[in-house]
Amino acid sequence: MKQGNIKVALVGNPNAGKSTLFNALTGMRQKTGNFPGVTVEKKSGTFRIAAANGHDDAHVTLVDLPGTYSIYPKSKDETVVMDILANPQHPDFPDVVVIVADASNLQRNLLLFTEINDLGIPSVLALNMLDVAESMNLTVNAVQLAMQLNVPVVRINARTGEGMKGLKEAVKQVVERTEKPALQYFYQPKDNEIGLINEVKEIHHLDNDYVALQYVCQHDNFSFLEQPVRARLDALIEKYGFDENNFLANETIARYEKIKPIVSKAVKSEGATEQPYWTRKLDSILLHRVWGYVTFALVLLVVFQAIFAWASYPMDMIDAGTAAAIEWVKGALPAGVLNDLITDGIMAGIGGIIIFIPQIAILFALVAILEESGYMARVMVIMDKLMRRFGLNGRSVVPLISGVACAVPAIMTTRSISSRYERLLTILVTPLMSCSARLPIYAILIAVVVPESKVLGIFNVQGLVLFGLYLLGLLGALGSAWLLSLFIPRKEPSYFMLEMPSYKLPRWGHVGFTMYESVKSFVLEAGKVIMAISIILWVLASYGPGDSMNVAEQQVVTSMHTAPQEEIDAAVASARLESSYAGQFGRFIEPVIRPIGYDWKIGIALLASFAAREVFVGTMATIYSISGDSEDVLTVKQRLIQEKNPETGGLMFTPAVCYSLLIFYVFAMMCMSTIAVVYRETHGWKWPLIQLAYLSTLAYVSAFVVYQVLS
Amino acid sequence: MNLNKERMSARTVSHLKKGEKGIIKSFTDRAMSLKLLEMGCLPGCEVRLDAIAPFGDPICINVGGHYSLSLRLNEAAVIELE
Ligand SMILES: Nc1nc2c(ncn2[C@@H]2O[C@H](COP(=O)(O)OP(=O)(O)OP(=O)(O)O)[C@@H](O)[C@H]2O)c(=O)[nH]1
Ligand SMILES: [Mg+2]
């Protein structure tokens, strides 16, 4: 038997429960969701199989793969499956494949099983979703199935973790088998295919007919084949007059002919088979011509109400808490530069971030509930026609909705969109959806500029403005998709064809964990960046080239010697900042941002926020605390409200400036990670640069219009 | 598999009314038929129209009682019924 490390791969139809099983076995937390196409790349983990007395435990490396209906990929994410399974040299090539099958739809799920079987890879069949099958009055006889398919069959429930022991046992038995049972092909090649198969087998030293057929059909997808090898295969196809499409259709039908009698023996049904009762009932409302949109609008309303209204209570508490903490530290440490850096710089910056924990937590929890319940798939259906008008696909809804949390994972989910054109458009416009990092900026500027009043007695005006910004982002995304679609040629046809999963109750533990994870990474990631930027900014703002800062101070003192001491102090602090490295830098870009209403101080924050948007608020805190002379601890909001425009003597943050900033951040692509992920997903700099140029222009022009109209 | 191009007037899944059933006979588009076959829409299989999205497109059909599949009208028009 094989000792040491065993490699196991999870393969199965989309939404069969592979990632849930992966999590149950490895204890990891892969993303799961109740719609097809959640997993878009391979992910590895490990677990152990306890050995019988005296032997070492077996270590297993488990690979979770994207779901596929067959081994012939239809979209980008699905290509990775065959790239591994067709290449025994691949580091992830499995010793055993665990095929996860949705028992409530066994016939279709077995198609993939028969294909993997014919590739000659040892496998174990895991029957999942038996509870769903039961609610459809189906009973599956695993023993019967095992006998007919000639493979170990295990009953599991990936959600509750039932059957894991049996599954591990079955994997172990397959690995420990001393002799490989003779392969029984489910698909027998036709006479006219045999010549071609034999020639490919000989050239590539293969011993399996079906693998040879895969070389013929799929060599363009195989990253392990060199170009000349592919060309030779093309020549063979030509020579034998092989018709790929015809072969594929015949193969699939032939397989189902074999599967049908097996399933009808192993699966017994009481009465007519129907989808689970609640799924039918809910769909009759949620997919209804009229009620479908009404309920979707209600869902969105609840989401916004939750993010803005419900979150405000814990947010107020956190706000008060950080202010008190800063006050305390300020008093406890000796006064000086270090004290200012810690309190006004770092603590204020971090405080500006942790206040958003409640909103981030609620946002991620609600998105998780939408995904886990199965409603996301229905949203794709009711939005498909609308999306198509703009050159997108109903499936684009998933990236757009998860883009409200963060654009980086959202852009990765586009891999399940089969049309490359629609996928590209979706990638290009997803950053327009207002992500959670924009929330701090929106919230602070709204708090400064929008009064805390209600319209019609119920709608909070600040909430409405926030809603408006999100809506603007969505409209910007759709409009941009339409505009870009005019310039990007569409090459292939577009498909929708989406399986509707049965509704499932979200797992609350899972939702809670998603919340916890998102908050943790938000605080840690943002915290790190803010810490670094605060320190760098502090240094750049506290020192200037040569003697410039002292010269500036002297000038102020001499020119203002008659003014009251307080005014002199304020003017000195401001002059020193202006002549510092940061100030000079801000001055340098000021001509560019002046037309949209910003001064050099905002310019510094704008530049700093290129690292990550959430830095904006912290940077403003740092800059205004350095330039301010006030001894009191002020929140960022109070500082912004008090800031005076040195030229007009009036307020700096007028409605025109605030709205211009808001609009700028709705459209601007201020995020290094997004640029990096677009680069990775589109394999080059072309699209991220086009996107950056387009979004920056859009942001600048819109901010310009808003500022000029309002001022 | 019989591909049927000439009889364009044949009844297809896109003609079904809500709740109406039909039996799949053949497909009129190669590329789409491959995907449909893989998803379990086989000749001889019974389908039923379960839901029509707002604006009339896409639709949801029940495939053999086993699961619900959502299709655009132009995709449904590829599936000819007996
Ligand atoms: N009722 C029930 N639900 C299950 C079971 N196993 C998984 N689920 C649910 O099925 C849904 C899909 O699970 P995933 O693990 O994301 O499916 P997947 O196969 O990884 O899907 P893709 O990554 O899209 O291919 C989730 O909502 C799970 O909670 C089960 O045995 N019974
Ligand atoms: Mg998965």
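Residues numbered from 1 in each chain as written. Chains lettered and ligands numbered in written order. Predicted model: local features only at pLDDT ≥ 70, side-chain atom pairs only at ≥ 80, totals over all residues. Heavy atoms only, no water.

The name an unreviewed UniProt entry assigns to chain B is Ferrous iron transport protein A, from the organism Dyadobacter jiangsuensis.

We apply this condition: UniProt positions are given in the numbering used here, feature names are shortened, and annotations may be inferred rather than shown by experiment.
Naming follows an unreviewed UniProt entry, where chain A appears as Ferrous iron transport protein B of Dyadobacter jiangsuensis. Taken verbatim from the UniProt record of chain A, the Sequence similarities (unreviewed entry) comment is "Belongs to the TRAFAC class TrmE-Era-EngA-EngB-Septin-like GTPase superfamily. FeoB GTPase (TC 9.A.8) family." Turning to chain A, the UniProt annotation filed under Function (unreviewed entry) states: "Probable transporter of a GTP-driven Fe(2+) uptake system."

Comments concerning the domain arrangement of chain A
Rule in force here: For the domain bounds, the source is a domain assignment made automatically or taken from a database.
One can read the domain layout of chain A as domain 1 (5-176), domain 2 (191-269) and domain 3 (526-710). For domain 1 of chain A and domain 3 of chain A, the distance between their C-alpha centroids amounts to 53 Å.

A few points about the coordination of the magnesium ion (ligand 2)
Coordination angles at a metal have ideal targets, namely 109.5 degrees for four tetrahedral donors and 90 or 180 degrees for six octahedral donors. Residues and elements named next belong to chain A. Stated precisely, the cut-off is as follows: Metal donors: N, O and S atoms at distances within 2.8 Å, or within 3.2 Å for Na, K and Ca, with water omitted from the atom set so that some sites may seem incomplete. For the purposes of this entry, the term helix denotes a DSSP run of H or I that reaches at least four residues, the term strand denotes a run of E that reaches at least two, and both are numbered from the N terminus. Residue burial is assigned from relative accessible area. The probe radius is 1.4 Å, only protein chains are included, and a residue is buried under 20% of its type maximum, exposed over 50%, and partly exposed in between.
At this site the magnesium ion (ligand 2) is bound by S19 (OG) and T39 (OG1), with donor distances of 1.9 to 2.0 Å. Here the residue S19 occupies a position in helix α1 (residues 18-26), and T39 occupies one in the loop between α1 and β2 (43-49), the gap between them amounting to 20 residues. Overall, T39 belongs to the buried group, its relative accessible area being 12%.

Looking at the interface of chain A and chain B
Heads up, the condition is: Residues count as neighbours in contact if any of their non-hydrogen atoms are within 4.5 Å of one another. Put simply, buried area is how much 1.4 Å-probe accessible surface two parts lose in total, over both of them, once they are put together. For this analysis, a salt bridge means a side-chain nitrogen from Lys or Arg found within 4 Å of a carboxyl oxygen belonging to Asp or Glu. N or O atoms closer than or at 3.5 Å make up a polar contact, with two conditions inside protein: a donor-capable atom paired with an acceptor-capable one, and, for residues adjacent in sequence, both atoms drawn from side chains. Three classes are used: nonpolar for Ala, Val, Leu, Ile, Met, Phe, Trp, Tyr, Cys and Pro, charged for Asp, Glu, Lys and Arg, and polar for all others, with Gly counted as polar. In this analysis, strands are considered paired if DSSP registers two or more bridges between them.
Taken residue by residue, the interface counts 42 residues in chain A and 33 residues in chain B. Across the chain A to chain B interface the summed buried area is about 3700 Å²; carbon plus sulfur atoms make up 59%. Three residues stand out in chain A for area buried against chain B, namely R289, Y495 and M497 of chain A, and they jointly supply 18% of the buried area on that side. Remark: the boundary between chain A and chain B carries 4 salt bridges. Linking E274 of chain A and R48 of chain B is a salt bridge whose minimum nitrogen-to-oxygen distance equals 2.6 Å. Taken together, the links from chain A to chain B amount to 13 residue pairs in polar contact (both at pLDDT 80 or more). Elements with a contribution of two residues or more to the side of chain A that touches chain B: α3 (106-118), α10 (244-266), α16 (375-389) and β11 (498-500) of chain A. Broken down by element, the side of chain A that touches chain B gets its largest block of residues, 9 residues, from α10 of chain A. The class makeup of the residues in the side of chain A that touches chain B is 17 nonpolar, 14 polar and 11 charged. In this structure, β11 of chain A lies alongside strand β4 (residues 67-71) of chain B, joined through 3 bridges in antiparallel fashion. When the bridges of β4 of chain B are listed, M500 of chain A appears paired with S68 of chain B.

Notes on the site of ligand 1
Residue and element names in this part refer to chain A. Cut-off, in case you're wondering: We call a residue near a molecule or strand whenever a single non-hydrogen atom of that residue lies within 4 Å of it.
Near ligand 1 lie 26 residues; those nearest to it are K18, T20, V38, T39 and D131. In the environment of ligand 1, an oxygen atom lies 3.2 Å from a nitrogen or oxygen atom belonging to the backbone of G67. In this structure, an oxygen atom belonging to ligand 1 sits 3.3 Å away from a main-chain N or O atom of M129. When contributions to the shell around ligand 1 are tallied by element, the ones reaching two or more residues are α1 and α4 (130-135). The element contributing the most residues to the shell around ligand 1 is α1, with 3 residues.

A closer look at the sheet that holds β2 of chain A
Residues and elements named next belong to chain A. Keep this limit in mind: Each axis is a line fitted through C-alpha atoms, and for a helix only the stretch in contact is used; angles between axes span 0 to 180 degrees, taken between their N-to-C directions.
The strand order across the open sheet formed by 6 strands is β2-β3-β1-β4-β5-β7, and the pairing between neighbours is mixed. Bordering the open sheet on either side are β2 and β7 (153-155), each of which pairs with just one other strand. If you compare each strand with its neighbour and ignore which way they point, the axes differ by 25° on average. Sheet analysis places strand β1 (residues 5-12) next to strand β4 (residues 96-102), joined by 5 bridges and oriented parallel. Bridging across to β4, V11 finds its partner in I99. Against the sheet, α1 engages β1, β2, β3 (58-64) and β4, with an angle of about 45° to β2. Most of the contacts of α3 go to β4, to which it runs at about 165°, and overall it touches β1, β4 and β5 (123-128).

Here's the deal with the UniProt feature "transmembrane region" (unreviewed entry) in chain A
Residues and elements named next belong to chain A. UniProt tags residues 290-311, 346-370, 390-412, 424-451, 463-488, 522-541, 659-679 and 691-710 as "transmembrane region" (unreviewed entry). Helix makes up 52% of residues 390-412 and strand 0%, whereas the separation of the span's terminal C-alpha atoms amounts to 21 Å. When the span residues 522-541 is considered, its composition is 100% helix and 0% strand, and the gap between its end C-alpha atoms is 27 Å.

What to know about the UniProt feature "domain: Ferrous iron transporter FeoA-like" (unreviewed entry) in chain B
UniProt feature "domain: Ferrous iron transporter FeoA-like" (unreviewed entry): in the numbering of this structure it lies at residues 11-82 of chain B. Within residues 11-82 of chain B, the helical portion is 18% and the strand portion 38%, while the C-alpha atoms at the span's ends are 8 Å from each other.

Here's the deal with helix α5 (residues 142-149) of chain A
Residues and elements named next belong to chain A. Going by this rule: What the arc measures is the spread of directions leading from the helix axis to the C-beta atoms.
Buried within α5 we find A142, L145 and L149. Down the axis of α5, the sector holding all buried residues measures 60°, keeping them to one side. Facing away from the buried side of α5 by over 90 degrees, the exposed positions are V143 and M147. The elements touched by buried residues of α5 are α3, β5, β6 (138-140), β7 and α10.

Focus on the environment of L484 of chain A
Residues and elements named next belong to chain A. Position of L484 among the secondary structure elements: in helix α21 (residues 461-485). The class of L484 is buried, set by a relative accessible area of 13%. Here the alpha-carbon distance between L484 and G391, two residues 93 residues apart in the chain, equals 8.7 Å. In this structure L484 touches L425, L428 and V429, once residues within four positions along its chain are discounted.

Quick look at the environment of H90 of chain A
Residue and element names in this part refer to chain A. For H90, the location among the structural elements is in the loop between α2 (79-85) and β4. You can call H90 buried: its relative accessible area is 15%. Sequence spacing of H90 and S312 is 222 residues, and the spatial spacing of their C-alpha atoms is 52 Å. Setting aside residues no more than four positions away along its own chain, H90 makes contact with K7, K42, D83 and I84.

Overview of the sheet that holds strand β5 (residues 79-81) of chain B
The strand order across the open sheet built from 6 strands is β11(A)-β4(B)-β3(B)-β2(B)-β1(B)-β5(B), with neighbouring strands paired in antiparallel fashion. Among the strands making up the open sheet, the edge pair consists of β11 of chain A together with β5 of chain B. The sheet shows a mean angle of 45° between the axes of neighbouring strands, taken without regard to direction.

A few points about the packing of aromatic side chains
Residues and elements named next belong to chain A. Just so we agree on the cut-off: Two aromatic rings from Phe, Tyr or Trp, using only the six-membered ring of Trp, form a pair when their centres are within 6.5 Å; if the ring planes differ by under 30 degrees the pair is stacked, by over 60 it is edge-to-face, and anything between is tilted.
As enumerated under the stated definition, the model contains 14 aromatic pairs over all chains in all. Where F113 meets F186, the ring centres are 6.1 Å apart and the plane angle is 75°; that geometry is what we call edge-to-face. Placement of F113 in helix α3 and of F186 in the loop between α6 (164-176) and α7 (191-204) is noted, with a sequence separation of 73 residues between them. Relative to F222, the ring of Y215 has its centre 6.0 Å away and its plane inclined at 75°; by these criteria the two rings are edge-to-face.

Quick word on the packing of helix α14 (residues 337-354) of chain A against helix α22 (residues 508-542) of chain A
All names here are of chain A. For the record, the criterion: Just so you know how the angles are binned, under 35 degrees is roughly parallel, over 145 roughly antiparallel, 65 to 115 roughly perpendicular, and the rest oblique. Crossing handedness is defined as follows: a turn of the near helix away from the far one that is anticlockwise and smaller than a right angle gives a left-handed crossing, while the clockwise case is right-handed.
Packing of α14 against α22 brings their axes to within 9 Å, and their N-to-C directions diverge by 150°. Relative to α22, α14 is oriented roughly antiparallel. Helix-helix and strand crossings are classified by hand; for α14 and α22 the assignment is right-handed. Across the interface between the two elements, V337, D340, L341, G345, I346, G349, I350, I353 and I354 of α14 pack against F522, V523, A526, G527, I530, M531, S534, I535 and W538 of α22.

Some remarks on the pattern of salt bridges
All names here are of chain A. The final tally for this structure, using the stated rule, is 30 salt bridges over all chains. The shortest N-O distance in the salt bridge between E372 and R507 comes to 3.5 Å. Taken together, the positions of E372 in helix α15 (residues 357-373) and R507 in the loop between β11 and α22 put the pair 135 residues apart, joining distant regions of the chain. Since its relative accessible area comes to 21%, R507 is described here as partly exposed. Taking the shortest distance from any N to any O, the salt bridge between E517 and K520 comes out at 3.8 Å. Of this pair, E517 and K520 both sit in helix α22, 3 residues apart, roughly one helical turn. Look at K520 and you get partly exposed, because its relative accessible area is 36%. Salt bridges here are not isolated pairs; linked through shared partners, they connect E41, K43, R415, R423, R680 and E681.

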